[in-house]
Amino acid sequence: RKEVEQDPGPFNVPEGATVAFNCTYSNSASQSFFWYRQDCRKEPKLLMSVYSSGNEDGRFTAQLNRASQYISLLIRDSKLSDSATYLCVVKLNTGGFKTIFGAGTRLFVKA
Amino acid sequence: EAGVVQSPRYKIIEKKQPVAFWCNPISGHNTLYWYLQNLGQGPELLIRYENEEAVDDSQLPKDRFSAERLKGVDSTLKIQPAELGDSAVYLCASSWDRETHNEQFFGPGTRLTVL
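Quick caveat, the model's predicted, so the values are computed rather than measured.

## Digging into the overall build of chain A
Here comes step 1: Looking only at helices and strands, chain A has zero helices and eleven strands in total.
Here comes step 2: In chain A, the succession of helices and strands from N to C terminus is β-β-β-β-β-β-β-β-β-β-β.
Here comes step 3: Rg of the C-alpha trace for chain A: 14 Å, near the compact-globule value of 13 Å for 111 residues, within the 12% margin.
Here comes step 4: Across its three principal axes, chain A shows a C-alpha extent of roughly 50 × 30 × 20 Å.
Here comes step 5: Residues classed as buried in chain A amount to 48% of the 111 residues present.
Here comes step 6: Counted over contacts in chain A with a minimum sequence separation of 6, partners at least 24 positions apart contribute 56%.
Here comes step 7: Taken as a whole, chain A presents about 5,300 Å² of accessible surface, with 47% of it coming from carbon and sulfur.

## As for the interface of chain B and chain A
Bring the parts together and some accessible area is lost; that lost area is often taken as the interface size.
Here comes step 1: Listed per partner, the contact involves 21 residues of chain B and 18 residues of chain A.
Here comes step 2: Interface of chain B and chain A: buried area, both sides summed, is about 1,700 Å²; carbon and sulfur atoms make up 49% of it.
Here comes step 3: Applying the counting rule to chain B against chain A returns zero salt bridges.
Here comes step 4: Counting every contact that joins chain B to chain A gives four residue pairs in polar contact (both at pLDDT 80 or more).
Here comes step 5: Of the residues that constitute the side of chain B that touches chain A, the class distribution is six nonpolar, nine polar and six charged.

## Some remarks on the state of the cysteines
Here comes step 1: Enumeration according to the criterion identifies two disulfides over all chains in this entry.
Here comes step 2: The disulfide bridge from Cys23(A) ends at Cys88(A), spanning 2.0 Å between sulfur atoms. Residues Cys23(A) and Cys88(A) share a disulfide whose torsion about the S-S bond is about -75 degrees; that sign makes it left-handed. Separated by 65 residues along the polypeptide, Cys23(A) in strand S3 (residues 19-25) and Cys88(A) in strand S9 (residues 84-93) bring together distant segments of the chain. With respect to burial, Cys23(A) and Cys88(A) carry one shared label: buried.
Here comes step 3: Two residues share a disulfide in this structure: Cys23(B) and Cys92(B), whose sulfurs sit 1.9 Å from each other. The sign of the -70 degrees torsion about the S-S bond sets the Cys23(B)-Cys92(B) disulfide as left-handed. Of this pair, Cys23(B) sits in strand S3 (residues 19-24) while Cys92(B) sits in strand S9 (residues 88-95), and the two are 69 residues apart along the sequence.

## A word on unusual backbone geometry
Residues and elements named next belong to chain B.
Here comes step 1: Here the bond from Ser7 into Pro8 is cis, since omega is -10 degrees, no more than 30 degrees from zero.
Here comes step 2: Looking at the secondary structure, you find Pro8 in the loop between strand S1 (5-7) and strand S2 (10-13).
Here comes step 3: Note the cis peptide between Gln80 and Pro81, where omega equals -5 degrees.
Here comes step 4: Mapped onto the fold, Pro81 is located in the loop between strand S8 (75-79) and S9.

## Description of the packing of aromatic side chains
Here a ring pair, both rings aromatic, is described through the centre-centre distance and the interplanar angle of the planes.
Here comes step 1: Counted by the stated rule, this structure contains ten aromatic pairs over all chains.
Here comes step 2: Centroid distance Phe101(A) to Tyr35(B): 5.4 Å. Interplanar angle 80 degrees. Geometry classified as edge-to-face. A residue pair is termed interchain when its members come from two chains, as with Phe101(A) in strand S10 (residues 97-101) and Tyr35(B) in strand S4 (residues 31-37). Each of the two residues, Phe101(A) as well as Tyr35(B), counts as buried.
Here comes step 3: Of the residues examined, Phe101(A) reaches a relative accessible area of 9% and is grouped as buried.
Here comes step 4: Aromatic ring contacts, followed pair by pair, group Tyr36(A), Phe101(A), Tyr33(B), Tyr35(B) and Phe106(B) into a single cluster.

## Re the nonpolar core
Here comes step 1: Grouped together as the largest cluster of nonpolar side chains are 25 residues, with contacts concentrated most on Phe21(A), Trp35(A), Ile71(A), Leu73(A), Ile75(A), Tyr86(A) and Leu107(A).
Here comes step 2: If we skip the residues at most four places from it in the chain, Leu107(A) touches Phe11(A), Val13(A), Val19(A), Phe21(A), Ile75(A), Asp82(A), Ser83(A), Ala84(A) and Tyr86(A).
Here comes step 3: Judged by nonpolar contacts, the second largest core, of 22 residues, contains Val19(B), Leu46(B), Ala82(B) and Leu112(B).

What counts, and at which threshold
Every chain's residues receive numbers from 1 upward, in the order its sequence appears when written. Lettering for chains starts from A, numbering for ligands starts from 1, and both go in the order in which the items are written. Only residues with pLDDT of at least 70 get local features here, since the model is predicted, and only at 80 or more are side-chain atom pairs given and counted; chain-wide, interface and lining totals rely on the full set of residues. In computing side-chain properties, one takes all heavy atoms of the structure into account and sets aside hydrogens as well as water. Helical segments are the DSSP runs of H or I of at least four residues, strand segments are the runs of E of at least two, and each set is numbered from the N terminus. Our radius of gyration is a C-alpha quantity, and the globule rule it is checked against amounts to 2.2 Å times the number of residues to the power 0.38. Between buried and exposed lies partly exposed: a residue is buried under 20% and exposed over 50% of the maximum accessible area for its type, with that area taken using a 1.4 Å probe on protein chains only. Between two residues, a contact is recorded if the distance between any of their heavy atoms is within 4.5 Å. Surface accessibility follows the Shrake-Rupley procedure with a 1.4 Å probe radius. Residue values consider only the protein chains on display as shielding. Two parts placed together each lose some accessible area; with a 1.4 Å probe, that loss summed over both constitutes the buried area. Salt bridge, as used here, is a side-chain nitrogen of Lys or Arg placed within 4 Å of a carboxyl oxygen of Asp or Glu. Here a polar contact is taken to be a pair of N or O atoms separated by no more than 3.5 Å, where protein atoms must pair a possible hydrogen donor with a possible acceptor and residues adjacent in sequence count only if both atoms sit in side chains. Classes in brief: Ala, Val, Leu, Ile, Met, Phe, Trp, Tyr, Cys and Pro nonpolar; Asp, Glu, Lys and Arg charged; the others, Gly included, polar. Defined by distance alone, a disulfide is two cysteine sulfur atoms within 2.5 Å. Note on ring pairs: Phe, Tyr and Trp rings are taken, using the six-membered ring of Trp, and paired if centres are within 6.5 Å. Classes follow the plane angle, with under 30 degrees stacked, over 60 edge-to-face and the rest tilted. Nonpolar core, defined: a set of buried Ala, Val, Leu, Ile, Met, Phe, Trp, Tyr and Cys residues in which side-chain atoms within 4.5 Å join the residues together.

All we've got here are geometric facts, nothing functional implied.
As structure tokens, then:
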């Protein structure tokens, strides 16, 4: 089993749609959680951190469920510019800090 | 402020040849990471430096890969000899320090093709 698993995708949605991505992690020692965005042939960039109480940034909402070891990202009112790959990232400290990226979920938003 | 700089952006070599990648992190960032990213996959850590010390190189294939960060600033990743399976994007990232909440900033990557 992979340490961080994401929805396989791709997701094809029309503009204005709401789309949700899921991510599960296997190590209960995971401490910090993030969503990164990666455009085609570009480098990953931080989209948002994920906090235990859940957090929102404009049209984006991130949720964390430590009991189920599950993270989600909700995008409301999708824009064409949201088309990208969304990477779930988990950081843990098991005697040394470790960063693990999921394989990513690709999103296509169509007009 | 300049971001993470990597060179070259693209490299095509024949198998068994050596290749080197260079990374200059954001000024003041103590932690530097080298990742490998295959198509359709997330970045996989190769090595992490805290200043000039390699603190996690457990995923670095040491028979052919080597890295250095001599003065705790820029870093070089080398492959010798390259194999066909090494074709990938090599990403460098940096962050202020190792704390779990610190954002990693990525460079544009070096796209390596081994023929």
